[in-house]
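Architecture and fold: a report
What follows is the residue order along each chain.
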Amino acid sequence: MTTYYGEYSKVLVSVDCIIFGFDEGELKILIGRRNMDPGRGLWSLYGGFVSGNESIDDAANRVLNQLTGLSNIYMRQVGAFGNVDRDPGERVISIAYYALINVKDYDRSLQEKHGLQWISINDLPQMYSDHNIMVGKALKMMRRKISHEPISFNLLPELFTLTQLQKLYEAVCGEKVDKRNFRKRIKDMDFIEKTDQIDKSSSRRGAYLYKFNKRAYDDAPNFKL
């Protein structure tokens, strides 16, 4: 260990993970009660400190895997949060990430283990420190991306109905869209493929199931909803 930079004070670096899921027609995030001081018992995002031998991306992936049991999750950095008084316990700079998962893939035993709950984005409580600000910034990023990048498919099962896709888009953007125009745009996209399978869970007639063809998208990425 060198003695460089000894004249400067040291700070802690952490990551906080904003995990979005789509369930029962609502966009939700995974939060829990903080089980450590300061702020014990307050609602909080799930995070952890960055160790000396890992990058911040590696730390975020580690935290996400511990929390969900999933690997190769869609994840994007939201930004750094470093107000001097953001953590009353110590000088901590946090790097926030948002991740998108299919709720059905999530191991419920891990949810119980960590004491977490899926909370609708419309019903978020006041959370520890600047966590509500992190969520707000992440949501703005998602809203900018969802219209021109196929990120929404990370929140859906492999096979989905057009109604599910429309409701997801509306839940993220917070506004209704015209059903006829929405479906017309979807059917013009070669990488959203109609299958011969039918979902009859919501009606006797049922609805055709679709799937996202990533290879087709990579060959001709032209996405705009």
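For every chain, the first residue of the written sequence is number 1, and numbering continues from 1 along that sequence. For a predicted model such as this one, the threshold for reporting local features is a pLDDT of at least 70, and the threshold for listing and counting side-chain atom pairs is 80 or more; totals across whole chains, interfaces and linings nevertheless cover every residue. To get the side-chain values, all heavy atoms of the structure are used, and hydrogens and water are removed first.

Quick notes on the overall build of the chain
Selection criterion: Helix numbering and strand numbering both begin at the N terminus, where a helix is a DSSP run of H or I of at least 4 residues and a strand a DSSP run of E of at least 2. For each residue, the accessible area found with a 1.4 Å probe, counting protein chains only, is set against the maximum for its type, and the residue is called buried under 20%, exposed over 50%, and partly exposed in between. We call two residues in contact when some of their heavy atoms are within 4.5 Å. Where accessible areas are quoted, they stem from the Shrake-Rupley method and a 1.4 Å probe; at the residue level, only the protein chains shown are allowed to cover. Positive: Lys, Arg. Negative: Asp, Glu. His and the chain ends are not part of the count. Here the site of a charge means NZ on Lys, CZ on Arg, CG on Asp, or CD on Glu.
Each helix and strand in the chain was counted, giving six helices and nine strands. Overall, the chain is about 70 × 35 × 30 Å in size when its C-alpha atoms are taken along their principal axes. Burial statistics for the chain: of 225 residues in total, 44% are counted as buried. Across the chain, contacts joining residues at least 24 apart in sequence account for 65% of those joining residues at least 6 apart. A total accessible area of about 13300 Å² is found for the chain, and carbon and sulfur atoms account for 46% of it. When the 33 basic and 29 acidic side-chain charges of the chain are each reduced to a single mean position, those positions are 6 Å apart.

Concerning the pattern of salt bridges
The following threshold applies: One side-chain nitrogen of Lys or Arg within 4 Å of one carboxyl oxygen of Asp or Glu is enough to make a salt bridge.
Applying the stated rule across the entire model yields 10 salt bridges. Taking the shortest distance from any N to any O, the salt bridge between Arg 62 and Glu 54 comes out at 2.7 Å. Residue Arg 62 is classed as partly exposed on the basis of its relative accessible area of 29%. Classification of Glu 54 by relative accessible area gives buried; the value is 17%. Glu 170 is the partner of Lys 176 in a salt bridge, and the nearest nitrogen-oxygen pair spans 3.9 Å. The exposure class of Glu 170 is buried, given its relative accessible area of 9%. If you follow the salt bridges from partner to partner, you end up with Asp 23, Glu 24, Lys 28 and Lys 104 in one network.

So, the packing of aromatic side chains
The cut-off we apply is this: Each Phe, Tyr or Trp ring (for Trp, its six-membered ring) is paired with any other whose centre lies within 6.5 Å, and the angle between the two planes then decides the class: stacked below 30 degrees, edge-to-face above 60, tilted in between. In this scheme, the term charge over a ring applies when either NZ of a lysine or CZ of an arginine sits within 6 Å of the ring centre and within 35 degrees of the ring normal.
Per the counting criterion, the structure on display carries 10 aromatic pairs. Here Phe 191 and Tyr 217 contribute two aromatic rings whose centre-to-centre distance is 5.1 Å and whose plane-to-plane angle is 80°, an arrangement assigned as edge-to-face. One end of the pair, Phe 191, is in the loop between α5 (179–187) and β8 (192–199); the other, Tyr 217, is in helix α6 (residues 214–219), and 26 residues separate them in sequence. The same class applies to Phe 191 and to Tyr 217, which are both buried. Connected via pairs of aromatic rings, a cluster forms that spans Phe 153, Phe 160, Phe 191, Phe 212 and Tyr 217. Above the ring of Tyr 128, the side-chain terminus of Arg 34 is found at 4.0 Å from the ring centroid. One Lys or Arg, Lys 194, reaches over the ring of Tyr 208 and ends 4.1 Å from the middle of that ring.

Looking at helix α3 (residues 131–146)
Heads up, the condition is: Given a helix with a known number of residues, its expected span is that number minus one, times 1.5 Å. Working note: the arc is built from the helix axis to C-beta atom directions.
For α3, with 16 residues, the first-to-last C-alpha span of 22 Å sits near the 22 Å given by 1.5 Å per residue. Buried within α3 are the following residues: His 131, Met 134, Val 135, Ala 138, Leu 139, Met 141, Met 142, Lys 145 and Ile 146. The arc enclosing the buried residues of α3, seen along the axis, measures out at 165°, which places them on a common side. Along α3, the residues that are exposed and aim more than 90 degrees away from the buried face are Ile 133, Lys 140 and Arg 144.

Thoughts on the packing of α3 against helix α4 (residues 162–173)
Rule in force here: Only the stretch in contact is used when fitting a helix axis, every axis being a line fitted to C-alpha atoms; angles between N-to-C directions are given from 0 to 180 degrees. In what follows, roughly perpendicular refers to angles from 65 to 115 degrees, roughly parallel to angles under 35, roughly antiparallel to angles over 145, and oblique to any angle outside these ranges. Crossing handedness follows the turn of the near helix against the far one: under a right angle anticlockwise gives a left-handed crossing, and clockwise gives a right-handed one. Classification convention: Asp, Glu, Lys, Arg as charged; Ala, Val, Leu, Ile, Met, Phe, Trp, Tyr, Cys, Pro as nonpolar; all other residues, Gly among them, as polar.
Viewed as axis vectors pointing N to C, α3 and α4 meet at an angle of 135°, and their least axial separation amounts to 9 Å. Viewed along their axes, α3 and α4 adopt a mutual orientation that is oblique. The two elements α3 and α4 meet at a crossing, and its hand is left-handed. Touching Leu 139, Met 142, Arg 143 and Ile 146 of α3 are Tyr 169, Val 172 and Cys 173, all from α4. Its residues assigned to classes, the contact of α3 with α4 comprises six nonpolar, no polar and one charged.

Side note on the confidence of the model for the chain
Close inspection of predicted coordinates is inappropriate in any region flagged by low pLDDT. Just so we agree on the cut-off: Residue-level confidence of the predictor, termed pLDDT, takes values from 0 up to 100.
Confidence in the prediction of the chain, expressed as mean pLDDT, is 92, and 96% of residues score 70 or more. Mean pLDDT in the chain bottoms out at α6, which sits at 85, and peaks at strand β5 (residues 74–81), which reaches 98.

Topic: a nonpolar patch on the surface
The following threshold applies: Patches here: salt-bridge-free residues with over 30% relative accessible area, like charges joined within 9 Å, nonpolar side chains (Val, Leu, Ile, Met, Phe, Trp, Tyr) joined within 5 Å.
Judged by side-chain polarity, Tyr 4, Tyr 5 and Tyr 8 come together as a nonpolar surface patch covering roughly 460 Å² of accessible area. Residue placement: Tyr 4 occurs in the segment before β1 (12–23). By relative accessible area, Tyr 4 is classed as exposed at 60%.

With respect to the pairing of strand β6 (residues 92–100)
Condition: Note on pairing: two strands pair once DSSP finds at least 2 bridges between them.
Within β6, eight of the nine residues are buried, which leaves it mostly tucked inside the rest of the structure. Bridge count between β1 and β6: nine bridges; the pairing is parallel. Looking across to β6, one finds that Val 15 is bridged to Ile 95. Bridge count between β5 and β6: seven bridges; the pairing is antiparallel. Bridge pairing in β6 places Phe 81 opposite Ser 94.

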